[in-house]
Structures are given as structure tokens and as C-alpha cells.
Amino acid sequence: MRRMLTLRFDGRSVQVPEGAHLVALLDGDLTCHRSVRGEPRGPLCGMGVCQECRLNVNGRLVLACRTLAQEGMEVRRG
Amino acid sequence: MADRILVIGGGPGGMAAALAAARAGARVELVDALPTLGGQIWRGLRAETAQGREGRLLRDLTASGAEFRLSTQILSFTEPGRAVAQGPEGMLSLRYDRLVIATGARERFLPFPGWTLPGVCGAGGLQGMAKSGMPVAGQRVLVAGTGPLLLAVAAHLRGAGAQVLGIAEQASLPVLAGFGIGLTAYPRKLLQGLGYASVLTRVPLWTSTWVEEAEGDDLLRRVALRRRGRRVALEVDLLALGLGLVPNLEVALALGCARQGGSVQVGAFQETSVQGVFACGESTGVGGVEKALAEGHVAGLAAAGDLQGAAIHARQLLRQRAFARQLEASFALRRELSSLAGPGTVVCRCEDVRLEELRGYRDGRDARLHTRCGMGPCQGRICGPATETLFGWEPNQPRQPLFPAPFRAFLTTDPGSRPDPQTSE
């Protein structure tokens, strides 16, 4: 049984299982950032190629599809 | 001192190569950008839960003495025998005597109206993200595209609690049937096919059917299918789109390896045109797990200098490559799929360049200079295969750094001492 981690996503407290990547935060709404012309974008390729799943974590941009969730992460959509 | 072998990519091919090389006495370093081994098809391999063939391979590899550097992205090759990478602790200088490329493949995407809506994903990509914890239970999913991967994805998503509305296969029924008969020559794959059939009872499989449009305001809400000439609308939450795989060639091309069509050219022992550089798995031609394991084994032995062992195992490679060719021929994409985009459809997602802005350019470089198509964060990896299909443009090779890296990654001086190696868990 994996322990649950507590993160904050856009200001809300969320729990995800240890070992999950940040895509675990995308429940229902896959929007991660806005495109050059302001359109909503989310993960397309799921494997670190398209760069569309980028989220702001503790002030830095990371890819949600390949970044492990960690206790206390402050995650924001771009 | 034993030779240092750097294996780039921790999927089935890379794992097999690393194990073979380690057992042959080489010092092996296996690098992957993901936090776990397994690549895409065995995503998220964990020692506590891994079973079957992949579990055995993981345990053998962990016991072999090979070092793992996970969450580590190869960025550039600045001199022979040295790769620069970004690891979780900072920049790394990875020195090697020989190199095995096992960088796998990514999915092909062809633009169509609405494909940029959040909720539209690659089929393998959605399966991978579900394995990485993305919630899919209770979500309505349409699986569409072409090839056996669609069955695997539909089965996995169903097992994860998703409501799989159907599988839309763009190939026709006679083509599918022909492939089914051909499969009897490859028993393991036939078993796989039968296994999926039982999991997918009551999930409709529509042939000669493809997605024409995705719709929704800010999120995916509906798709429009073209089914036997008629347009059919479906309410969905997620679209898993699998239009085939494109080998990841960036590392091979950065090293100067010769290509053979869209793959890395290799000889009988998986050697590339560059001395000391080997390649295996999807990068030498899309052919699935079996091919990757077989080629990885040979590449690892050959890289470690065990040519006798490599020769013995190289014999079974011909069968794997034959299957790969049959797969590609059977599931060729219909012409209609390259005519779905309208003038206002985004083609380059990174820079928001629309189809109408790309008309009239001689080639990809011309278009890139005028519109920025291909100059964004994906470095042309998504739009390259698309514009190749749409306009016949040769995809550009990403310049180094091969992947986006933060500026601070280039501010350190040559790292003399390496941090402790990361191990998989």
C-alpha cells in the first residue's frame, strides 16, 4: 500500500500516491498552460516530447508526465 | 580496466543491452529521463511489484552491477566519448568507451480540427500517463488510430476503470484479417491478441473509421468520427490517438550515425556507421518489445566485445525485423488522415502556427525561418512528422542541446566529481 503525499495544486490541497507523476493532479481537466495565442493546452504525447504538460513547481517549469510528485510541492498551472 | 559502456534509454532494449554488457564484464551506466526503468511499454517498473519477464529483467539488471542514472536527460555530445546530461542534482559529464542507443520511439500526430484541446492524447501516451497515476476511472475514452497498440491501450484503460466507448481502426476489415492470419507466424503476438479479446468484450471495434474533429470550448467534450462515409458524434472525456510510432533519432544523428529511411542504420551486430556506437529497439525500426529485447541483447554483447555471443544471438533478429516490416505495411495510414486539417488548424503547437500560414514554402527550413514552425520547445519532434506527411518536408534534426534545459544548466564548470548514482526503486 503506497503512502499518500500532500501537494498544493493552484492553491488547493491535493493528495496523490507516492510514486505517481504530476499527471496524477490532472483529474478531469488536463489543462497545464496557455499557448502563444492564449489557448489552453495539456499533455499530448505523455512521454516528455511535446512539452505541453509543463507546470510550474516551486517556481520552476517541469514536465508533469515525467516528474515524480513529492510531499509539499507547490504546483501551479502556467 | 573494463570498458565503459553508456546505454542511453532504459526501456526493454536498453535494459537488455545493459544486462548483456554487464554480464560480459563491462562497466555499464544506463541513463533514462524517466524516474523509473521500463521505458514506455513497461512504464514505472518497480522492484516490489514487477512480475513476469520485465520483473526478472529488472532484478537481474539490478544485481548485475550496472549503474543507473534516472531522471537524467542527455543534452549534448561535445567531444568523442563524452555526453553532457542534466541529472536531478545538476549537470553531469558521462564518459564512455562505447555507446548503445536505445532511445525508443514517440507517437506520430497528424493535425485535425480541435487536436490541441486538453484531453486529446497519444494512445501510448495516455496509457503511459495512466500508469504514472493520471486518473482515468469513470472517464469516457475513445481509442482511435491504427494497429495492435490500440487493443493494448483499450485493454489497459478498461482495466484502470475507464469507460472505453470503442476502438476506431482506420484500416479496413480485409487488411486487419490479413494481418491476423500473418500473426500465426509469430505465436507470442497471437497470444497477446487473444488475451486482449477477452478483456475487450462489449467494446466495439469499428474498422474503416477515423477521427475527423475534436470539439469543446476549453476542454475536449466530443469527437466526430468518419465511419463508413457517415459522420458520427460521440461525447467523450479523453481521446487516445495512435497513428503509429516514429523512431527517436536525435541522439544517433547528433553523433553522426547514418540513417536508413526513418531509422538508424545498423549491421548484423547492431553497430551503427559510427565506430563504437550501437543501436537497438525502436530506433532501428519500429518492432515492439521482442525486437527490442533481442537487439538489445546483441548490442550489449557486441559493445562489450563478446562478438561470439553476439553472433549466436544475432540469428533470431531476422524474424523480429520481418515482423516489423509486416506491421508497417499492414497499418499504413489512409490519405484522408493527411487532409483533415483546415486552414485555421494549428500545425506547430509550440509556436501556434496554423496550416494557412505554412502554404507556399519550399521546405521545412524555409517555413521555419518565416513562421517559427519547428522552433519551439519540442524542437520539431511533433510537427516534423506531421509536416513531412502533409508537405513532404524533411524533418529537421534538433540542434544541441537536444532537449530544453534551464539556463543555469550551462553555468556550471566541468563537473569533475559525479553525485551518487540514482537507483530505481
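Look up a bit, the structure's there.
Presented here is a report on the structure given in the accompanying data block. (Residues numbered from 1 in each chain as written. Chains lettered and ligands numbered in written order. Predicted model: local features only at pLDDT ≥ 70, side-chain atom pairs only at ≥ 80, totals over all residues. Heavy atoms only, no water.)

Our next topic: the overall build of chain A. Scanning chain A from N- to C-terminus turns up 0 helices and 7 strands. Secondary structure elements of chain A occur, N-terminal to C-terminal, as β-β-β-β-β-β-β. A globule of 78 residues ought to have a C-alpha radius of gyration of about 12 Å, and chain A, at 12 Å, matches this closely. Projected onto its principal axes, the C-alpha coordinates of chain A cover approximately 40 × 25 × 25 Å. Relative to its full complement of 78 residues, chain A shows a buried share of 53%. Sequence-distant contacts, at least 24 apart, represent 38% of the contacts inside chain A between residues at least 6 apart. As presented, chain A carries roughly 3500 Å² of accessible surface, and 46% of it is formed by carbon and sulfur atoms. Positive and negative side-chain charges of chain A, numbering 12 and 8 respectively, have mean locations separated by a distance of 4 Å. (Helix = DSSP H or I, 4+ residues; strand = E, 2+ residues; numbered from the N terminus. Rg over C-alpha atoms; globule rule 2.2 N^0.38 Å. Buried < 20%, exposed > 50% of the residue type's maximum accessible area, 1.4 Å probe, protein only. Contact = heavy atoms within 4.5 Å. Areas by Shrake-Rupley, 256 points an atom, 1.4 Å probe, with all protein chains shown as cover. Lys, Arg positive; Asp, Glu negative; His and termini not counted. Charge placed at Lys NZ, Arg CZ, Asp CG, Glu CD.)

All right, on to the interface of chain B and chain A then. Across the contact, 43 residues belong to chain B and 34 residues belong to chain A. The interface formed by chain B and chain A holds 4 salt bridges in total. A:R41 serves as the salt-bridge partner of B:D352, at 2.6 Å between the closest nitrogen and oxygen. Counting every contact that joins chain B to chain A gives 11 residue pairs in polar contact (both at pLDDT 80 or more). (Salt bridge = Lys/Arg side-chain N within 4 Å of Asp/Glu carboxyl O. Polar contact = N/O pair within 3.5 Å; in protein donor to acceptor, adjacent residues only side chain to side chain.)

What follows is about the sheet that holds strand β3 (residues 67-69) of chain B. Residue and element names in this part refer to chain B. The 5 strands are arranged β3-β2-β1-β7-β20 in an open sheet whose pairing can be described as parallel. The open sheet has two free edges, formed respectively by β3 and β20 (277-279), since each of these has just one partner strand. The mean angle between the axes of side-by-side strands here comes to 20 degrees, regardless of whether they run parallel or antiparallel. Both strand β1 (residues 4-8) and strand β2 (residues 27-31) contribute to a ladder of 5 bridges, which runs parallel. What sits directly across from V7, in β2, is L30. Taken strand by strand, helix α1 (residues 12-23) contacts β1, β2 and β7 (98-101), and its axis lies near 165 degrees from that of β2. (Pairing = 2+ DSSP bridges. Axes fitted to C-alpha atoms, helices over the stretch in contact; angles between N-to-C directions.)

In this section: the packing of aromatic side chains. All names here are of chain B. The full count for this structure, using the stated rule, is 1 aromatic pair over all chains. For the pair F391 and W393, a centre-to-centre distance of 4.5 Å together with 35 degrees between the ring planes defines the contact as tilted. Overall, W393 belongs to the buried group, its relative accessible area being 5%. A cation sits over an aromatic face here: R349 above W115, 4.7 Å from the ring centre. A cation sits over an aromatic face here: R381 above F403, 4.0 Å from the ring centre. (Phe/Tyr/Trp six-rings, centres within 6.5 Å; stacked < 30°, edge-to-face > 60°. Lys NZ or Arg CZ within 6 Å of the ring centre and 35° of its normal.)

Before going further, it helps to spend a moment on the environment of B:H370. All names here are of chain B. For H370, the location among the structural elements is in helix α11 (residues 364-371). Sequence-wise, H370 and A168 are 202 residues apart; in three dimensions their C-alpha atoms are separated by 37 Å. Here the side chain of H370 touches D366 through a polar contact of 2.9 Å, landing on its backbone oxygen.

Moving on, we get to the side chain of B:T272. Residue and element names in this part refer to chain B. Structurally, the position occupied by T272 is in the loop between β19 (263-264) and β20. Since its relative accessible area comes to 9%, T272 is described here as buried. Among the polar contacts listed, one links the side chain of T272 to the backbone nitrogen of V274, at a separation of 3.1 Å. Of the polar contacts made by the side chain of T272, one reaches the backbone oxygen of V277; its length is 2.8 Å.

Residue and element names in this part refer to chain A. The strand order β2-β1-β7-β5-β6 describes an open sheet built from 5 strands, whose pairing is mixed. Sheet topology places β2 (12-17) and β6 (60-63) at the edges, where each strand pairs with a single neighbour. Going from strand to strand, the sheet's axes swing by 40 degrees on average, the running direction of each strand aside. Inspection of the sheet shows strand β5 (residues 54-57) paired to strand β7 (residues 74-76) by 2 bridges, in the antiparallel sense. Note that in β7 the partner of V57 across the bridge is V75.

All names here are of chain B. Three or more residues of α11 are buried, namely G364, D366, A367, R368 and T371. Buried residues in α11 make contact with β22 (353-354). At the N-terminal boundary of α11, the capping side chain belongs to D363, with an oxygen 3.3 Å from the backbone nitrogen of R365. Looking at the residues trailing α11, positive phi occurs at R372, about 75 degrees.

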